[in-house]
Amino acid sequence: MDRECSQLLPSVCAVLGDSRQLVADDTFLEKFLDWFKTLTETESSLLLLRENPCLTELITCVLKLKDPSSSTLSFILRLTGIFAASESCFQYLQQRELLISLFGEVGPLSSALWEEASVRSGWVQGVHSMVQHQSALHFLYNCGAIDVIFTLQGDPSLFVASAANQLLVHMLTFSLQSFQTKPVNIKDCDWPICAQKLIVHIEESLKSNSASRIKQSLKLLTSVFGCCHDLWTEVLWSRLSEPIVYLLEEEPVHTGHLLVDLFLSMARSPVFSCPECSLWRSVTCALEHLNPAQVGRLAVGVLKLQEWYEFPQAVRIQALSVVLQPMDCVLKAASQPLEYPGLLNKSVNDSATVETLLSCRSSCASFLCQTLAHLEELQYLTCLPVDLPHIPLLQSVVTILQFCIGLATPASCLGNKISRILIGCFRVQRSALDSLGALSHWESHSVFMGSVFDILLAYLKSPDTSPTVLKKSFQATLKWLVSLSEAPSSKDHWQQTEQFLRDLFLVLQKRLCSPYWEVRDSALEFLTLLVKHLREKEGFRQVLFSSEVPKLTEDLLEDPESYVRASAVTAMGQLSFLTHLISKKPGLENGNVKEKSIVAQLKEILSTDSEGFPRRAVIRVFIDWLREGHPDVLKDTEQFVSSMLQAVNSDLDWEVKAGGLELAEVFSAQTLGRLGLAACPYAAVLSSATRSTHLSESLQIFCRVKLFEFLFGALCDCDRPVAQKACDILIALKAELRDESSLKEGTSAGLSTEARGIAWLEETLRRWSSCAKPCPRGDADEAGSQDPDGVLLVLRTVDLEGLHRSLNRSSDHIEKSPQSLLQDILATVGTLEENEADCY
């Protein structure tokens, strides 16, 4: 602790220990605790107490108060716990009987303030902080605090109950840390007395008739097995498995979701990865007995376990059957051609339970959404331990989508009920479309491609499709088209894909003219991504430009909604690459004129649009053009960059300016790379003379486009992100140009080397803007921004490193200091009533 803080601390402690003084803001106390946590991590806790006796006096004073505030008492409990985490400090406080007064039966436990949740929470947090050594455990056992913690597991405050549960987890794992490597026996009397007490309590709770105690113990065990993977956990399970299995055999199982959490936390532990482990018998029992709506999460968790977990393959197959059973029921409920086998040869569970859930309006949608989410999760696993039946699974997802819009033909009583429940159900539609998209990356999809195209077109065409479902439909369509285009057999199916694209663009034309801006926006986003992924396919380009989609997209540049204009800008940015390719074909010579029109329109939007979203979109498009070598940019890159920087420089939107800085960064990197100056380990080493020539050439290019004038101006910007980005680019350029002669001269030429700040730079920029022609070498204040020597002098003179440190420092770095915190506490004492009056 520094001297200034140690001088202020006695006054602060006196205020906190005086019930007549009011601290205006409880957040001060939280910051005070955070400060002491940091101090005790770097300094001796005992030394802190001895050098600052006011802290011990504060604890004693609060204990003597007849009616302390709940916030102050909670603060003292937590502060004491922080100090007692050190065993030497624990002994120091125990000798003064402070610990028993705070955490024993005679302390807050027996006072009226114990009714306050904040006090109970402070007590639990204090104990948790304290339990870092065996002395603390013995103290808690002897003073009866463990029984208090058991009671707090069922506290009406969820925060207190959760904290008590985590405390018991910590106490159990900490007390057994000496048994991490050697095999143990749960009946061994060498086990710590604290651990024995906890385990007996858990066992008694599991065997009790109290639902709340059973739930508390299951939560506790879930946390223990989740955070600790030591050998003793297997012995613990061998003792507790019997009452847990008994819970599975109840009718009905009331703790299903908690048992699923417990089994998943254990299954992820390498301690239980052995195939002979009794855990897997319990998991098998759970897969058979738990409600299908509860057990799905357990089944997916088992299937997601890594291959090196050597548990029985039969469990994996059983888990997969649990996930697939609802889809199998849906497939059988609709009239389907018998081209493909079903999903299951036999059910794991009684299918009547699944059918009951599907035929009930209150459970059908949520059950199907959960099942579809689980299936989607499995699709993205790189290595699934069992094979999925992709074709029947795809057929079942399509069947669900058909049920949702009335296209499925029910084949049973269950089918009739599902059809009535799912019709127009947006939740299920969204989940099924996500699953349909996930299924697209399997190579076997092509045999069922026609049905997929049909259902996607049905959703895209339907006037009843909601905007959110429409967006999901576009996303699924994109995944299927991209996947088909990348498949080795894509040419074999091109005729079918081409017809789908023609139908798709007809639908897209209507959606681009929708009266709802969300629909127009989604259609444009879909078009942008579609063009981005498929623009190299000649067949796709021909189908696209035979439609009205490009013209309609251009018209939306003038849409009244700014979001739509921004999306249209992005779409036109992608389409412009295609119009250039199309213009090279015979008979389309006017394509180049059209391309110039697009560039002019985008520049006009950047300069005149009143909303920020379209302008930001334009600068992002131009950055992509520069990166990818757009033909229009390559014609005259310098003129293009110069005009963009000039337009961005006068924009008031900081995100547009940040985009301009990214454009400048890309341009500078490309220029240096083209001249062989980029920092590449594989680039040929240039001779000193060649490097100097290339540096001079690159500097002249930067000056012609007024790159440095733009960067220096951004460095002075009032928006921190803009200034930070500009500073980073300038530091990088300064490092690249360090070999340039004017930058190396330093003081040898008799020039001033005093580091300058923002004020000097702003004055220099004003002089540059009023300078009609370049001025003599050596006077940075008078040289223009197009004079390389003057630019280099400014680059050398401005203290970029100092500005970088300043910009990256938080705005409240002074106010966050411990000294400022202590001063704030003293300054606000007694002002609470006054501040409350001011609020009104």
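In the block above lies the structure referred to throughout.
Attention here is on the structure that accompanies the text. All values derive from a computational prediction rather than experimental measurement.

Parameters at a glance
Residues numbered from 1 in each chain as written. Predicted model: local features only at pLDDT ≥ 70, side-chain atom pairs only at ≥ 80, totals over all residues. Heavy atoms only, no water. Salt bridge = Lys/Arg side-chain N within 4 Å of Asp/Glu carboxyl O. Helix = DSSP H or I, 4+ residues; strand = E, 2+ residues; numbered from the N terminus. Buried < 20%, exposed > 50% of the residue type's maximum accessible area, 1.4 Å probe, protein only. Polar contact = N/O pair within 3.5 Å; in protein donor to acceptor, adjacent residues only side chain to side chain. Expected span 1.5 Å × (residues − 1). Core = buried A, V, L, I, M, F, W, Y, C linked by side-chain atoms within 4.5 Å. Contact = heavy atoms within 4.5 Å. Axes fitted to C-alpha atoms, helices over the stretch in contact; angles between N-to-C directions. Parallel < 35°, antiparallel > 145°, perpendicular 65-115°, else oblique. Left-handed = near helix turned anticlockwise from the far one by under 90°. Nonpolar A, V, L, I, M, F, W, Y, C, P; charged D, E, K, R; others polar.

**Some details on the pattern of salt bridges**
Piece 1. Throughout the structure, instances matching the rule amount to 24 salt bridges.
Piece 2. Between Glu655 and Arg616 there is a salt bridge, with its nearest N and O atoms 3.5 Å apart. Taken as a pair, Glu655 in helix H35 (residues 654–674) and Arg616 in helix H32 (residues 612–628) lie far apart in primary sequence, 39 residues in all.
Piece 3. Judged by relative accessible area, Glu655 falls into the partly exposed class, the value being 35%.
Piece 4. According to the relative accessible area criterion, Arg616 is buried, its value standing at 18%.
Piece 5. Between Arg704 and Glu638 there is a salt bridge, with the nearest N and O atoms lying 2.9 Å from each other. Here the residue Arg704 occupies a position in helix H36 (residues 688–704), and Glu638 occupies one in helix H34 (residues 637–649), the gap between them amounting to 66 residues.
Piece 6. With relative accessibility at 44%, the residue Arg704 sits in the partly exposed group.

**A word on the side chain of Ser483**
Piece 1. With respect to the helices and strands, the residue Ser483 is situated in helix H25 (residues 467–486).
Piece 2. Here Ser440 takes part through its backbone oxygen, which lies 2.6 Å from a polar atom of the side chain of Ser483.

**Thoughts on helix H18 (residues 313–333)**
Piece 1. Here H18 is 21 residues long and its end C-alpha atoms lie 30 Å apart, about the 30 Å a rise of 1.5 Å per residue gives.
Piece 2. Among the 21 residues in H18, 17 count as buried, and that is most of the element.

**A word on the nonpolar core**
Piece 1. In this structure, Phe32, Trp123, Met171 and Leu436 are the most contacted members of the largest nonpolar core, which totals 168 residues.
Piece 2. The leading source of residues in this core is H18, at ten residues.
Piece 3. Contacts of Leu436, omitting those with residues within four sequence positions, involve Leu394, Val397, Val398, Leu401, Val452, Ile455, Leu456 and Trp480.
Piece 4. Residues Leu556, Phe640, Ile701 and Ala723 belong to the second largest nonpolar core, which totals 101 residues.

**Quick look at the packing of H18 against helix H19 (residues 351–359)**
When two helices pack together, you describe them by how their axes are tilted relative to each other and by the distance separating the axes.
Piece 1. Where H18 meets H19, the closest approach of the two axes is 10 Å, and the angle between their N-to-C directions is 70 degrees. Considered as vectors, H18 and H19 are oriented roughly perpendicular to each other. Relative to H19, H18 is oriented so that their crossing is right-handed. Here H18 contributes Gln325, Pro326, Cys329 and Val330 to the contact with H19, which in turn contributes Ser351, Val354, Glu355 and Leu358.
Piece 2. Tallied by class, residues from the contact of H18 with H19 come to five nonpolar, two polar and one charged.

**Description of the environment of Val569**
Piece 1. As for its placement among the helices and strands, Val569 is situated in helix H30 (residues 562–583).
Piece 2. Take Val569: its relative accessible area is 0%, and that puts it in the buried class.
Piece 3. When the C-alpha positions of Val569 and Val618 are compared, they lie 6.2 Å apart, and in sequence the two are 49 residues distant.
Piece 4. For Val569, the residues in contact, after removing those within four places along its chain, are Leu557, Leu602, Ile605, Pro614, Ala617, Val618 and Val621.

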